[in-house]
Amino acid sequence: MPARRGRPRRASAPGRSAATTARGGRSEAAWREFAASFVRAGMVPPADSGLAAVEAAEGAAVLLLAPQQALTFTGKCRLRCLYGAVRVLGFAIGPHQPGLPVFSPPTHCALALEALPAARPPAADPRQLRAAARAAMRAHRVRRQARVKVMARFSPDCTVVLLEHLDTPVTRFLLSLPPLSRLFEAQKKEESSFTTEDAVLASVGIVKCSPDNGLLVSKSMFLALEELIQACCAEDEGVPVIMVCGPKSIGKSTFNRYLINLLLNHLPSIEYMECDIGQTEFTPPGCVSLSSVTEPFLGPPFTHQQTPRKMVYYGQTSCEQDTERYIDVVKYVFSSYKKEVPLVINTMGWVKGEGLLLLTDMIRLLAPTHVVQMDVYDWKAMDPLTPEYVHLAPGLYTKGKQQGKSKQMNLSAAESWKSSEGEEDTSVPDYKLLYIHPEFPRAGVAGEARVHSSILRDMSILGYLGHLQPPHTGSVLPLHSFVPYQVPFNAVALRVIHTDVAPTNIMYAVNASWVGLCRIPDEIRCQNDGPVLLTQTPVCDCLGFGIVRGVEMEKKLYHVLTPVPPENLRQVNCLLLGNIAIPNCVLVSQEGIEGEIPYVTSEYNYNILGSGKLKKKKHFKKREYSYQCDYT
């Protein structure tokens, strides 16, 4: 075949004006300026000499990875595999799959793109493989110049990935708030070098970082994952129920994401039960929920807020003050599990004192087939939860074989426990205990967390509120611009979960509050215009959340702002107010508010009964966090 070097350059398309070309040049210049800003900020680590990243189009890049090569990064992008296969947080992505959003903020463990070994027939023709890679890039409109550069370094065993700039309504909303405006930017480095590949990646929205900031899989974790995947894919009698437990900041959530993504490589769906009300995965904080997971989640919780299959609003981030109601909520949610697909259960990091007793009760109640216990090597946080230990040790509400002391539950709760667990705990629990000593960055050291847990909870709430944003507009609408729903007082019951409030003050408590939108089986009956107040906190379905942005006493109306669709709102007949507060930045940092900010004041009479400033816990050691978030 004759060489094509002498082929004349193609002329501009008919009708393309000089103004259009100028606009395109300015747009490309803007992207390059954005990339160069990373150099000036000193936020790019040394380059990997084996990495090949080429600008594919405006806001897009083609990445060529050698076999087993990985790119650890912070930022966000949309990832599409064009040739070969790549793994992200355990999930394998091939050319047959659509583009997936990937979020790697510095608040969490950095993600990595890892090229997987080529799965191709041994007798495959290298020329056909090259043609397939070239055709895939053409199909996704990769520029010819970029294709030439990639194919110059192409080998049949490599992986070709398309990275695209990612902009979603949720991330736009979060980035519009001043405290989170730099949420996806890498932390500043003192010494760095900048290469062409770095500029290309930065134009997409990601920055390389050290592999030490990414997920490090220890030997114990690898062996546990291998055994759990084998058990879930074995098709034996029954399906695995996997309970993951361990102290705070040990990496339970990271392990759960990695495990579920690995399982989704083999199974169409996985059930996930969230029992950690302080750090929830798919919902705002304060919930116990059961979710059916069919898609990988490649980011922290605030990027994948969704409606679970079953959810109860507990209303607090800790159950220490009401463990009995917590047990009732867990049993209610667990009753919806049909035992058709594997279940992963996440538990709280409260494993000291009564927390360990409560965890013992949870193991007896939920009867897992596998218990994954995560702890550091010295086992200072908790004793090994062997079946023999759980059999002998007393729980908070159940007795072990040694008949230790336990709290007394009310009669109905005790009868419910016996009906589900049997009259006595006489047999040794039948589960496999798997130990994991994690090697995640800062695992097991709560004082060295990247960001405070309260900020992570606020980010989940903000991620949920981000679903209010219209999907196809590039601008961010402030929350006060949305028209709220009008709810009559006598249409819904009302209950404050975490404290007693006098009926005369109930509207002051509800106004400008975060509420659970719930459904109770009883019909709401009211002889007057309301409000309808419940005397006890129900254990009921929660369909979503909202903000009571106003109470209109004259017309007896609540004004509720929520992303819950109208067809689900028709089922809501109860508002539950818990100890979960609206993030401060929602009140003080939104655009478009002039003059006095509603519900925010610096002049207040603290002599009023029930009022007072928030007190700092001075006896706690001040923590240092690598990610700073200023809400003031």
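Residues numbered from 1 in each chain as written. Predicted model: local features only at pLDDT ≥ 70, side-chain atom pairs only at ≥ 80, totals over all residues. Heavy atoms only, no water.

1. What about the overall build of the protein?
(1) Moving on: Counting its regular elements, the protein contains 15 helices and 23 strands.
(2) Moving on: A buried classification covers 50% of the 632 residues belonging to the protein.
(3) Moving on: Contacts in the protein between residues at least 24 apart in sequence constitute 79% of all its contacts with a sequence separation of at least 6.
(4) Moving on: Accessible area for the protein stands at about 32,000 Å²; split by element, carbon and sulfur atoms hold 51% of it. (Helix = DSSP H or I, 4+ residues; strand = E, 2+ residues; numbered from the N terminus. Buried < 20%, exposed > 50% of the residue type's maximum accessible area, 1.4 Å probe, protein only. Contact = heavy atoms within 4.5 Å. Areas by Shrake-Rupley, 256 points an atom, 1.4 Å probe, with all protein chains shown as cover.)

2. Regarding the packing of helix α8 (residues 323-334) against helix α9 (residues 354-366)
(1) Moving on: Contact geometry of α8 with α9 gives a least axis separation of 11 Å together with a crossing angle of 25°. In terms of their interaxial angle, α8 and α9 are classed as roughly parallel. Crossing handedness for the pair α8 and α9: right-handed. Residues T323, Y326, I327, V330, K331 and F334 of α8 form the contact with α9, whose participating residues are L358, D361, M362, L365 and L366.
(2) Moving on: Counted by class, the contact of α8 with α9 contains 8 nonpolar, 1 polar and 2 charged residues. (Axes fitted to C-alpha atoms, helices over the stretch in contact; angles between N-to-C directions. Parallel < 35°, antiparallel > 145°, perpendicular 65-115°, else oblique. Left-handed = near helix turned anticlockwise from the far one by under 90°. Nonpolar A, V, L, I, M, F, W, Y, C, P; charged D, E, K, R; others polar.)

3. Quick word on unusual backbone geometry
(1) Moving on: Backbone geometry places R141, a non-glycine residue, at a positive phi of 60°.
(2) Moving on: Inspection of the secondary structure assignment puts R141 in the loop between α2 (126-139) and α3 (144-152).
(3) Moving on: The backbone phi angle of K339 is positive, close to 60°, even though this residue is not glycine.

4. Some thoughts on the packing of aromatic side chains
(1) Moving on: Applying the stated criterion across every chain yields a total of 12 aromatic pairs.
(2) Moving on: Summarising the aromatic geometry, the rings of Y272 and F282 are spaced 5.7 Å apart at their centres and angled 85° between planes, so their arrangement reads as edge-to-face. Here F282 lies in the loop between β11 (270-274) and β12 (287-293) and Y272 lies in strand β11, a separation of 10 residues in the sequence. Take Y272 and F282: they sit in the same class, and that class is buried.
(3) Moving on: Put simply, the rings of Y313, Y464, W514 and F545 pair up and form one aromatic cluster.
(4) Moving on: We note K76 situated over the ring of F184; from NZ or CZ to the ring centre the distance is 5.8 Å.
(5) Moving on: Between the NZ or CZ atom of R325 and the centre of the ring of Y314, over which it lies, the distance is 4.1 Å. (Phe/Tyr/Trp six-rings, centres within 6.5 Å; stacked < 30°, edge-to-face > 60°. Lys NZ or Arg CZ within 6 Å of the ring centre and 35° of its normal.)

5. Description of the sheet that holds β11
(1) Moving on: Pairing is mixed across the open sheet formed by 7 strands, whose spatial order is β13-β12-β11-β14-β10-β15-β16. If you trace the sheet from one side to the other, it starts and ends with β13 (310-313) and β16 (432-436), each paired once. This sheet shows a mean twist of 15° between the axes of neighbouring strands, independent of strand direction.
(2) Moving on: Where β11 and β12 come together, 5 bridges link them in antiparallel fashion. Pairing of M273 across the sheet is with L290, part of β12. (Pairing = 2+ DSSP bridges.)

6. Digging into the confidence of the model for the protein
(1) Moving on: Per-chain confidence: the protein averages 83 in pLDDT, with 79% of residues scoring 70 or above.
(2) Moving on: Segment residues 1-28: pLDDT under 50, and 4 contacts once partners within four positions in sequence are set aside and those in other chains are kept.
(3) Moving on: Low pLDDT (under 50) marks residues 411-415, which in the prediction has 4 contacts with non-local residues, meaning those over four places away or in another chain. (pLDDT = per-residue confidence, 0-100.)

7. Observations regarding the environment of H391
(1) Moving on: Within the fold, H391 resides in helix α10 (residues 387-392).
(2) Moving on: Distance in space between the C-alpha atoms of H391 and R364 is 8.8 Å, their sequence separation being 27 residues.

8. Remarks on the sheet that holds strand β23 (residues 574-577)
Sheet strands pair by backbone hydrogen bonding; their relative direction is either parallel or antiparallel.
(1) Moving on: Strands sit in the order β17-β22-β21-β19-β23-β18-β20 across an open sheet of 7 strands; the sheet is mixed. Only two strands of the sheet have a single neighbouring strand rather than two, namely β17 (485-488) and β20 (532-533).

9. Considering helix α5 (residues 196-204)
Structurally, the α-helix is built with 3.6 residues per turn, so residues lying three or four positions apart point the same way.
(1) Moving on: All buried positions along α5 are accounted for by D198, V200, L201, A202, S203 and V204.
(2) Moving on: Within two residues after α5, G205 carries a phi angle of roughly 120°, on the positive side.

10. Here we look at helix α4 (residues 169-176)
(1) Moving on: Counting buried positions over the 8 residues of α4 gives 6, a clear majority of the element.
(2) Moving on: Restricting attention to buried positions, one finds in α4 the residues P169, V170, T171, R172, F173 and L174.
(3) Moving on: For α4, the elements touching its buried residues are β3 (70-83), β6 (100-104) and α12 (453-465).

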